[in-house]
Amino acid sequence: MQHEAVDGVVIRVKDFGDHDRYLTLLTKSGRMTLLAKGAHSLKGGQRGVSQLYTYGNFEYYRRGATLPILKGGSPIQPFYGLSTDLEKLHLAAYFCDLAYELSDEGEESEELLRLLLNALYAVSQDRYPADLVKAALEFRLSAISGYAPDVGACDLCHTVDADYFYLDVMNGALICSSCLSKRSGIKAPTDDPSEASLLCRLSPSALMALRYLISAPAERLFAFSLEEGREREEFCRAAETYLLSHLERGFDSLQFYHSLQEKG
Ligand SMILES: [Zn+2]
């Protein structure tokens, strides 16, 4: 029996029967699922790495054609800071859902893994405001998935100088405020409210932040700021709308996160 080991983050946990648990990891070589046998009465080494969000070194072995079986492991970064706050916990769950959605088995995922780890770390340690970490991750994941918006100039008149720009979500382009008001066709309310909201207003500082996020080095991704208020809310909404529109789906974890924010 050959033993192997891999570093990864637990991005999904699913209990199976009374005793076993499937752990889906994101590793730099893609997604992989391990079977943790007797997960509810796990011995020390296994227990320490069987929780959602744990970044660790996982030891496993293969037996026949079944899933690789977890033998033990050691946490590298357990992100304890997440478990103290329900809002952070749901945000982390959303980050993990995004990582699951954007990864595949056997597909190189080094950049995705680094972004996920940096985002989990930033939120668990309160290094940066959680709403900005979320927005940064969403825009950056859009970019690495091949949906990077063209953020240079107005797509219609090519101006780089406008009071406001709007992010045209489905076209991945900018439209300046004067082109938008000239083209009443774009502005006209439609029967479909979701379509109307696919133009997201970006203030000059929000646009600067977006330009930064598309190209910043991964380790400096969250090192930007936007003042609290309407412009920051618009920016965060744009990031979420942009990514989810391109993924063509929503996430329960995100709904939980928002419902907690509304209560708070
Ligand atoms: Zn224009």
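How each quantity is defined
- Residues numbered from 1 in each chain as written.
- Predicted model: local features only at pLDDT ≥ 70, side-chain atom pairs only at ≥ 80, totals over all residues.
- Helix = DSSP H or I, 4+ residues; strand = E, 2+ residues; numbered from the N terminus.
- Buried ≥ 20, exposed ≤ 12 C-beta atoms within 10 Å, placed from the backbone.
- Contact = placed C-beta atoms within 7 Å.
- Domains from an automatic or database assignment.
- Nonpolar A, V, L, I, M, F, W, Y, C, P; charged D, E, K, R; others polar.
- Axes fitted to C-alpha atoms, helices over the stretch in contact; angles between N-to-C directions.
- Parallel < 35°, antiparallel > 145°, perpendicular 65-115°, else oblique.
- Pairing = 2+ DSSP bridges.
- Core = buried A, V, L, I, M, F, W, Y, C linked by C-beta atoms within 7 Å.

Across its full length, the chain carries ten helices and nine strands. By its C-alpha atoms, the chain is 70 × 35 × 35 Å across when sized along the principal axes. When burial is assessed residue by residue, the chain has 34% of its 264 residues classed as buried. For the chain, long-range pairs separated by at least 24 residues make up 61% of all intrachain contacts whose partners lie at least 6 apart in sequence.

The next thing to look at is the domain arrangement of the chain. Domain parsing of the chain yields domain 1 (1-127) and domain 2 (129-264). Once you take the C-alpha centre of each, domain 1 and domain 2 turn out to be 30 Å apart. Of the residues lining the interface, 21 residues belong to domain 1; the matching set on domain 2 comes to 20 residues. For the side of domain 1 that touches domain 2, the elements supplying multiple residues, two or more each, are helix 2 (86-101) and helix 3 (110-124). No other element matches helix 2, which puts eleven residues into the side of domain 1 that touches domain 2. Of the residues that constitute the side of domain 1 that touches domain 2, the class distribution is twelve nonpolar, two polar and seven charged.

Turning to the packing of helix 2 against helix 3, a few remarks are in order. The geometry of a pair of packed helices is captured by two quantities: the angle between their axes and the separation between those axes. Between helix 2 and helix 3, the least distance of the axes is 10 Å, while the angle of their chain directions is 175 degrees. By the angle between their axes, helix 2 is roughly antiparallel relative to helix 3. Side by side, helix 2 and helix 3 meet where Lys88, Leu91, Ala92, Phe95 and Ala99 of the first sit next to Leu112, Leu116, Ala119, Leu120, Val123 and Ser124 of the second. Taken together, the residues of the contact of helix 2 with helix 3 break down into nine nonpolar, one polar and one charged.

With respect to topology, four strands assemble into an open sheet ordered 6-8-7-9, the strand pairing being mixed. Single-partner strands in this sheet number two, and they are strand 6 (150-154) and strand 9 (199-202). Strand after strand, the sheet turns through a mean of 30 degrees between neighbouring axes, direction not considered. Lying over the sheet, helix 8 (residues 204-215) contacts strand 6, strand 7 (165-168) and strand 9, oriented at roughly 140 degrees with respect to strand 6. Running over the sheet, helix 9 (residues 230-247) touches strand 7 and strand 9 and is turned about 145 degrees from strand 9.

A few words now on the nonpolar core. Judged by nonpolar contacts, the single largest core of 66 residues is most densely connected at Ala92, Phe95 and Leu116. It is helix 2 that provides the largest number of residues to this core, a total of nine residues. Looking at which domains feed residues into this core, each of domain 1 (1-127) and domain 2 (129-264) supplies at least three. Those residues in contact with leucine 116, other than ones at most four positions away along the chain, are Val9, Leu26, Phe95 and Ala99.

Here glutamine 51 lies in the loop between helix 1 (44-47) and strand 4 (55-61). Remark: the alpha-carbon pair of glutamine 51 and proline 75, spanning 24 residues in sequence, is separated by 10.0 Å.

Attention now moves to the environment of tyrosine 257. Within the fold, tyrosine 257 resides in helix 10 (residues 252-263). C-alpha separation for the pair tyrosine 257 and valine 13, spaced 244 residues apart in sequence, amounts to 19 Å. Discounting chain neighbours no more than four positions away, the residues touching tyrosine 257 are Glu87, His90, Leu91 and Tyr94.

Turning our eyes to something else, we now look at the pairing of strand 7. If a strand is regular, its side chains alternate between the two faces of the sheet. As defined by bridge partners, strand 7 adjoins strand 8 (residues 173-176) across four bridges and the pair is classed as antiparallel. Considered in strand 8, the bridge of phenylalanine 165 is made with cysteine 176. Joining the antiparallel neighbours strand 7 and strand 8 is a turn of four residues, in which glycine 172 adopts a positive phi near 60 degrees. Of the pairings in the sheet, the one linking strand 7 to strand 9 comprises four bridges and is antiparallel in character. Residue pairing across strands places leucine 167 opposite cysteine 200, the latter belonging to strand 9.

Another aspect to go through is the environment of glycine 73. Position of glycine 73 relative to the elements: it lies in strand 5 (residues 69-77). Sequence spacing of glycine 73 and glycine 56 is 17 residues, and the spatial spacing of their C-alpha atoms is 7.0 Å.

Alignment of strand 6 against strand 8, held across two bridges, turns out to be parallel. Bridge pairing in strand 8 places cysteine 154 opposite leucine 174.

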